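Listed here are the chains, written in short residue letters.
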Amino acid sequence: MPVPRIYRRDFSSGLQWILGLFILQISFLTVVRLAFLFIFQGEHLKNVQLLDIVQAFVTGFRFDAMVSGYILLPALMLLIFLRLISNEERSKLFFAKFCSIYGASVITLLLFVSLIDLYYYAYFQNHFNILFFGIIDDDTRAVLSGIWNDYPVLRIFAAMLLLYWLIFRLTGRIVSKEKVIPSMKWFYETGSLVLILGLFVLALRGSTGLFPLHYEDSIISENTFVNNLAINGVFALKNAVTEKTRQSIDDNIAQSLNKYQYHGPEEALSDYLQIKVDSADPQKLITSTEEDSLLKADPPNVVFIQMESFSNYYLDLHNDTFNLLGRLETQLPHCVVFRNFLSATSGTIHSLEALLTGSPLTPLSQSIYMDCPLQSSVAARYASCGYHTSFITSGALGWRNMDKFTHHQGFELAEGSEVLLKKIPGTERCDWGVFDESMFARALEVLRTKDGKPHFVYLLTTTNHPPFQLPSHYKPLPLKVSPTLRQRLKVEYGMAIDNFANYQYATDCLGAFIEAIRNSEIGANTIVAASGDHNTLQVFNFEDTRLLAKHSVPFIIYIPDKYKKFRNPDTSVFGSHKDVFPTLMSVSLSSANYLKTGVNLLDSKQAADNFAIINYSLCMDRHGVVRFEHQPVFFEWSNQSAGMNIMSNQEVDKPLHELLTKARAYCASMCYFIQSDLKRCKKG
């Protein structure tokens, strides 16, 4: 009879087609992984065993199978549905057409996501993560403009169309094949279905163990590149979406303490403060500056500049023919410069909030706590000490709700590109707002406003950011790239030059600002400090042997002579954003309370055993480096003066374990303080 034959052709052929699409997806993802290996390996694979690479590909296959299983699940469900309701030949034809079109579409989309992930990795040296959503949370128009200018968008889409056509031909060939199983009785059919469903469940879980395959399963080596090799772009994007949905600020103190392996606040506070703490009280984290008669009688202006992508590594590349510093070069001898220094995070908003409030929990400005005035706000602290407080950015003030957030954190004046266009003659627009020079010009105007009160000014630059635009009048200084340096570029030469020119422009503006203050009537009474929101990873690769170079930003401080309480500080000490305002407050405020986020770096005795930390998951000090996002990985300095580190293959020394304890205690203590404050705010 014909009906059973149709049943068999519907079902057995359909299973073969789905299997063919599965194999095709796995093959393409394997090719992408091979491309990733050959494009980005660089120096990453020195001293890496071949077995680790093989394990990365095996683990990668599991991730690929999981992604492919989820992609093909709709096809399997449709096949089962058609098998149950239809006896007609046309159901098989419909399913064949569906497999051909659906398969080509999803595989092309999969490859498109993988390609974007490769570009993303080239820029951030990481797969898709929560920073990817900056395209939505940042100035979307500016981000898209940068993408359009810096990447071959039209060629990529043309390639995708051609690729879709080729894949459609392949999927068409797959569904043109059908092999009917001749004795597909009901128990064979049921058994086949159970087997197929079992394999699908295995693919979807990626594991035969108790728990399904998770992002942490990619951690198969101490080498970051090997771990990244296991992840595919689609899974990374899924993980980034999950992180984004969980980004709401968590006020669960117990959960945060547990994350850093503490059972109660007392334990964390004891380790962090290096004293015995018997009772849970976040106010124990409040400390104060010393009493100072000069600061009482003649408090200085304080300016802090958060510089976009202010790479520490680029300072070492500067020379007469490759000028990356502009007028900053002549100002650095008048400043104290800390080079063993890390940004709080790898993202602008997260570093900004860490600097302003000491919060590891971000972005507060885009959460239900946006309107909470925090006790730890440095702007509020300066305001309480009689300062005018101003926040000025060359970007749009509405970025990340800065217009509202800054007001609640104690800034009486907040201005962005919209105001600068009106107040500063000759201001030019750019994709991120206006150019930094207008922001600096406005800051000088504010500082020269005299009414008997000092000024605290927080500046946020934006120009040194893709799409790397410059004002029409600016003529870049010489940027002759040596053949040796050119060989190290991982991007096209033109894009690298644009990046270098923007960095030069930004540092030139900073240098001009410091020079203008030093040579003005306010020079003897104004402290200026600057640091980067994060390093830039777009142009060069940084291996795990150069973690300091990969993550570091400089911390620059100009202090007028009469406020130099600490002479000849040791600039080789380690520090990070947590230490910025403890340092600045120590030379500007008398007997002022503040959250003890860090130490005064100008006090060399106090800073000698200090540590630096980035992303609340990687720390370093004079003894070495510890990465503790998952299981701790320890590194020793092989050449500390050059910032070179090697993995610790022997029994880890006590100082590195102490470093890990310090870092975890710091993270747990800061979470405890901020979460307690957020709860207080909402209850009030």
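For the structure itself, consult the block above.
All values derive from a computational prediction rather than experimental measurement.

Conventions we followed
Residues numbered from 1 in each chain as written. Predicted model: local features only at pLDDT ≥ 70, side-chain atom pairs only at ≥ 80, totals over all residues. Heavy atoms only, no water. Buried < 20%, exposed > 50% of the residue type's maximum accessible area, 1.4 Å probe, protein only. Helix = DSSP H or I, 4+ residues; strand = E, 2+ residues; numbered from the N terminus. Contact = heavy atoms within 4.5 Å. Pairing = 2+ DSSP bridges. Axes fitted to C-alpha atoms, helices over the stretch in contact; angles between N-to-C directions. Polar contact = N/O pair within 3.5 Å; in protein donor to acceptor, adjacent residues only side chain to side chain. Core = buried A, V, L, I, M, F, W, Y, C linked by side-chain atoms within 4.5 Å. Patch = residues over 30% accessible without salt bridge, like charges linked within 9 Å, V, L, I, M, F, W, Y side chains within 5 Å. Areas by Shrake-Rupley, 256 points an atom, 1.4 Å probe, with all protein chains shown as cover. Salt bridge = Lys/Arg side-chain N within 4 Å of Asp/Glu carboxyl O. Phe/Tyr/Trp six-rings, centres within 6.5 Å; stacked < 30°, edge-to-face > 60°. Lys NZ or Arg CZ within 6 Å of the ring centre and 35° of its normal.

Trainee: Can you lay out helix α11 (residues 265–273) for me, pointing to particular residues and giving the numbers?
Mentor: Taken together, the buried positions of α11 are occupied by P265, A268, L269, S270, Y272 and L273. The inward-facing, buried residues of α11 abut α10 (253–259) and α25 (654–683). Positive backbone phi, approximately 60°, marks Q274, located one or two places after α11.

Trainee: Describe the sheet that holds strand β6 (residues 413–415), and please don't skip the residues or the numbers.
Mentor: The mixed open sheet is built from 7 strands, whose spatial order is β3-β11-β10-β2-β9-β5-β6. The two strands at the open ends of the sheet, each matched to only one other strand, are β3 (336–338) and β6. Strand-to-strand, the axes of this sheet are offset by a mean angle of 10°, without reference to chain direction. Sheet analysis places strand β10 (residues 526–532) next to strand β11 (residues 555–558), joined by 4 bridges and oriented antiparallel. From the neighbouring strand, A530 faces β11, where its bridge partner is I556. Contacts between helix α19 (residues 436–447) and the sheet are confined to β2 (301–307), β5 (388–393), β6 and β9 (455–460), with β9 contributing the most and set at about 175° to the helix.

Trainee: Break down the side chain of S531 for me, citing the residues and quoting the values.
Mentor: When you line up the elements, S531 lands in strand β10. A polar atom in the side chain of S531 sits 2.9 Å from the backbone oxygen of P554. In this structure S531 touches F304, I305, Q306, M307, F310, F341, V553, P554, F555 and H577, once residues within four positions along its chain are discounted.

Trainee: Tell me about the nonpolar core, and please be specific about residues and values.
Mentor: F456, Y458, F581 and L584 are the most contacted members of the largest nonpolar core, which has 85 residues in total. Element by element, the count of residues in this core is highest for α25, at 15 residues. If we skip the residues at most four places from it in the chain, Y458 touches F304, Q306, L352, L355, L356, S390, F391, I392, F411 and F581. Formed by 57 residues, the second largest nonpolar core is a distinct cluster that contains C335, M439, Y503 and I556.

Trainee: Any chance you could break down a nonpolar patch on the surface for me, citing the residues and the numbers?
Mentor: On the surface, L50, L51, V54 and V58 cluster together into a nonpolar patch covering about 410 Å² of accessible area. Inspection of the secondary structure puts L50 in helix α2 (residues 50–85). For L50, a relative accessible area of 65% translates into the label exposed.

Trainee: Break down the packing of aromatic side chains for me, citing the residues and quoting the values.
Mentor: One pass over the full model with this rule turns up 36 aromatic pairs. Ring geometry for F411 and F456: centres 6.2 Å apart, planes at 20°, overall stacked. Residue F411 is found in the loop between α17 (402–408) and β6, and its partner F456 is found in strand β9; the two are separated by 45 residues along the sequence. Residue classification places F411 among the buried residues on the basis of a relative accessible area of 3%. Where Y616 meets Y666, the ring centres are 6.4 Å apart and the plane angle is 15°; that geometry is what we call stacked. On the criterion of sequence distance, the pair formed by Y616 in the loop between β14 (612–614) and β15 (618–621) and Y666 in helix α25 is long-range, its members being 50 residues apart. Across the pair, Y666 and Y616 agree in class, each one buried. Here the aromatic residues F304, Y382, Y387, F391, F411, F456, Y458 and F581 are joined through ring pairs into a cluster of three or more. Of note, K238 hangs over the ring of F235, and the distance from its end group to the ring centre comes to 4.4 Å.

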